[in-house]
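Take a look at the letters that make up each chain.
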Amino acid sequence: MTQRALDSSGEQTPGPSRPAMIDAGAELDPVHPVEPPPPRRPDGLSAAEVAERVARGEINDVPVRSSRSMTEIVRANVFTRFNLIIGVLWVIMLFVAPIQDSLFGFVIVANTGIGIIQEWRAKRTLDSLAVIGEAKPTVRRDGVAAEISTSEIVLGDLVELGPGDKVVVDGTVAEADSLEIDESLLTGEADPVLKRAGDPVMSGSFVVAGGGAFTATRVGREAYAAQLAEEASRFTLVHSELRSGISTILKYVTWMMVPTAIGLIISQLVVKDNNFKDSVARTVGGIVPMIPEGLVLLTSVAFAIGVVRLGRKQCLVQELPAIEGLARVDVVCLDKTGTLTEGGMDVTEVRPLNGSDEAYVEEVLRTFGASDPRPNASLQALIDAYPQREEAAWAVTDAMPFSSARKYSGAAFTEADGTASAWLLGAPDVLLSEGDTALAEIEQLNEQGLRVLLLARVQGDALDAPGAAAGAAPAALVVLEQRLRPDAGDTLAYFADQNVATKVISGDNAVSVGAVAGKLGLAGAENTLDARRLPTDPDEMATAIEQNAVFGRVTPQQKRDMVAALQSRGHTVAMTGDGVNDVLALKDADIGVSMGSGSEATRAVAQIVLLNNSFATLPSVVAEGRRVIGNITRVATLFLTKTVYSVLLAILVVCTQVEYPFLPRHLTLLATLTIGVPAFFLALAPNKERAQPHFVRRVMRYAIPSGVIAAAATFTTYLVARHHYTGEGALDAETSAATLTLFLVAMWVLAIIARPYTWWRIGLVASMGLGFLIVLVVPWLQDFFALKLVGTTMPWTAVGIAVAAAVLLESVWRWVGRRFGA
């Protein structure tokens, strides 16, 4: 038999799988032609037939990529709207001004190169992890079953199926052993479909119970889900608040920049009637700083480096914004088996019931273990405790796969004396009536965190007879001890410390699950609830979920309903899982997290796959997300402050009809020291602040007043200097004084954003200040940047105005923090 049983508690421990992304919203074509049943080939294709089909191109050659191609990476980083604007201005400056006024162009080239290199590194990480995490379907050829790459499947191959396996190409069922397939990812219908020999199967569906094999009838791009899988498996920057917020900011910046730039051009070239080249240089000097050119770059770099960092920890991020999403999560729903506990279990005790003979019960369990060629954790524990004899006296005649709805599995035997018997193994509280005296004994075992299964004999020998479970006679209790993950307790403590609510959702007994969670230190583990008592009303369900921490006997549909109920209360929900019974909930959760050893179906819908099967990796993902969100918020404030003061300075220049005070070299120097270099370090720094919503609002509430204060202080210094200096070289002296004020105010903004201070943050701010001081005192740098402070009165006046602006900045930032929250 080819079926693979599920864990008798409701959890599944499936075999390896392959991560792919299928569009869960796709509708199934109602007029999908049914292939005529192919001739039965129990041994599969021969090597010669495979070679012939490969030569004809009848191979599953759909290119599934986990990341963008190198061409796409270069195109995305080079051909941007702002790069086009800056590129044109750069070319102009190369013709009309000294090279130092064209430095901004070289900075953009360097930034773009950094972006390409970092994203290329992320691509290599994603691609390598996708290969590591790729599970291979089992294909039967020349009568031998072997695992091959999905891309090596050819037309006519016989592909074996077990619970949790995804159908990778279209085909027709050749063998079926209680084979149930879920097509919800294609049709939206959650009910599994029982498949028999000759029935069609669709790529993108997956097995929930039983086993079998199918013959591939459509491969490559002809397969129904192939194009969907190709599109969804690519490196895609799907919706995230961070990226959509930056897009919104850039849109408003463009609207402000265009009319302001036009007014500045007219002012400098027409009204003032200055030297043409000098007017062009100062016009460009006013336009370039309006562009927050490094903001998008740093966001991409931050995400890319996050992927690389997580990749080193064997965490595959299938969608980059999932890093951000998990950082925003406030409720984590955990599946117990495979998350809090390891896959292995041990039989600690077997207690015969109702006078059952212990030796007879052991023989039943020994043969039950032999009923599945690919046992899960529960059956493997039976096999380990009761290994098969060389010559088995009993024979398996039938088997019934586990169902999450039933909560038990079954097997029928022919005993040594020829007697036929049928048995069920599963949840005691499902197979026993409510008043059964054994339930009290089971409750005591569950309170110790032990898993208890009931072995019951079916009246007659038909497993699927109506009321078979209700009439089953209890024969023994099988007590299993689960192996706790050593790192699970620390991970639960981390989430508690971060104010993230943890809900353990399991198909096992609620008391038993609560005991396991209690051993791991889960807060509220004593608050357990049997999901069969959950209210069906979404609002009442949400209340019950918020009040309790542990839920047992949860069906797959209930998991989905629980996620929806939490989301209806405004929670951002992450769901972890590894079995096919977790797929629907994973698909609906804000962030789906699958274990690397999980079923192919769970990995198909999860945004994050923990290839090392370690729940302890999740804090690293949360930390990366918080680092990205918190740091990008910080540096975005820096970039937008520059945009605001640049636009305002241009407007003030146009309104007052004076020369624009800066050349491009001045603002390149200021941007490098107060934004470019520090922003790069701040964007990649550790940051454990909890992610906050409303990115645009949070950035602009600080950037706008900071930009206004910087522009006002700078323009005030410029006007005072225009009255103070006269004669030849006056404009250069005025520019130097204004530059000093703007640098000091911008440095104070940087100093505020760098808080809370650490030794390296203090060193970063101090080194930027030292860099500007060196420019002011080294003669050749003075000439290069056209910066020379003249006299003492005006420079100290510039410092005084900057100090007043800094005091005002502190007051405004504190007021904003109190008024709107930090």
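Residues numbered from 1 in each chain as written. Predicted model: local features only at pLDDT ≥ 70, side-chain atom pairs only at ≥ 80, totals over all residues. Heavy atoms only, no water.

1. What about the nonpolar core?
Nonpolar side chains in soluble globular proteins generally cluster together in the buried interior. In terms of nonpolar packing, the biggest core is built from 87 residues, with Ile 632, Val 635, Leu 638, Phe 639, Leu 640, Phe 695 and Phe 772 touching the most fellow members. With 12 residues, helix H21 (residues 618-656) is the single largest residue contributor to this core. Each residue touching Phe 639, except ones within four places of it in the same chain, is listed here: Pro 292, Gly 294, Leu 295, Leu 298, Ile 675 and Ala 679. Formed by 34 residues, the second largest nonpolar core is a distinct cluster that contains Ile 323, Val 332, Leu 334 and Ile 608. (Core = buried A, V, L, I, M, F, W, Y, C linked by side-chain atoms within 4.5 Å. Buried < 20%, exposed > 50% of the residue type's maximum accessible area, 1.4 Å probe, protein only. Helix = DSSP H or I, 4+ residues; strand = E, 2+ residues; numbered from the N terminus. Contact = heavy atoms within 4.5 Å.)

2. Let's talk about helix H25 (residues 759-777)
Counted at 1.5 Å a residue, the expected span for H25 with its 19 residues is 27 Å, and the 26 Å between its end C-alpha atoms agrees. Listed as buried for H25 are Arg 761, Leu 764, Val 765, Met 768, Phe 772, Val 775 and Leu 776. Projected onto a plane normal to the axis of H25, the buried residues spread over an arc of 125° and lie on a single side. Within H25, the exposed residues directed more than 90 degrees away from the buried face are Trp 759 and Val 777. Against the buried residues of H25 lie H21, helix H22 (664-683), helix H24 (730-753) and helix H26 (779-785). (Expected span 1.5 Å × (residues − 1). Arc of directions from axis to C-beta.)

3. Thoughts on the packing of H24 against H25
The contact between H24 and H25 brings their axes to 10 Å, and the two run at 170°. In terms of their interaxial angle, H24 and H25 are classed as roughly antiparallel. Every residue of H25 that contacts H24 at Thr 739, Leu 740, Phe 743, Met 747, Leu 750 and Ala 751 is listed here: Val 765, Met 768, Gly 769, Phe 772 and Leu 776. Looking at the contact of H24 with H25 residue by residue, the classes come out as nine nonpolar, two polar and no charged. (Axes fitted to C-alpha atoms, helices over the stretch in contact; angles between N-to-C directions. Parallel < 35°, antiparallel > 145°, perpendicular 65-115°, else oblique. Nonpolar A, V, L, I, M, F, W, Y, C, P; charged D, E, K, R; others polar.)

4. Focus on the confidence of the model for the protein
Within the protein, residue pLDDT values average 79, and 85% of them lie at 70 or more. For the protein, helix H6 (residues 226-233) is the element with the lowest average pLDDT, namely 47, and H25 is the one with the highest, namely 93. Long-range and interchain partners of residues 1-35, a stretch whose pLDDT sits below 50, account for 162 contacts in this model, where long-range means more than four residues apart. Low pLDDT, under 50, characterises residues 228-238; the predicted model gives this stretch 31 contacts beyond four residues in sequence or across chains. (pLDDT = per-residue confidence, 0-100.)

5. Section: a nonpolar patch on the surface
On the surface, Met 70, Val 74, Val 78, Phe 79, Ile 117 and Trp 120 cluster together into a nonpolar patch covering about 540 Å² of accessible area. For the nonpolar patch, the secondary-structure elements that each account for two or more residues are helix H2 (70-78) and helix H4 (103-132). The biggest single contributor to the nonpolar patch is H2, with three residues. Mapped onto the elements of the fold, Phe 79 is located in the loop between H2 and helix H3 (81-96). (Patch = residues over 30% accessible without salt bridge, like charges linked within 9 Å, V, L, I, M, F, W, Y side chains within 5 Å. Areas by Shrake-Rupley, 256 points an atom, 1.4 Å probe, with all protein chains shown as cover. Salt bridge = Lys/Arg side-chain N within 4 Å of Asp/Glu carboxyl O.)

6. Quick notes on the side chain of Glu 324
You can see Glu 324 is positioned in helix H10 (residues 321-327). Judged by relative accessible area, which is 2%, Glu 324 ranks as buried.

7. Let's talk about the sheet that holds strand E18 (residues 550-552)
With mixed pairing, the eight strands of this open sheet are ordered in space as E8-E21-E20-E19-E9-E16-E18-E17. A strand with exactly one partner marks an edge of an open sheet, and here the two such strands are strand E8 (315-317) and strand E17 (528-530). Averaged over neighbouring strand pairs, the angle between their axes works out to 20° when direction is ignored. As defined by bridge partners, strand E9 (residues 331-335) adjoins strand E16 (residues 501-505) across five bridges and the pair is classed as parallel. Within the sheet, the bridge partner assigned to Leu 334 lies in E16 and is Val 504. Those strands touched by helix H18 (residues 556-568) are E9, E16, E18 and strand E19 (573-577), and its axis lies near 160° from that of E19. (Pairing = 2+ DSSP bridges.)

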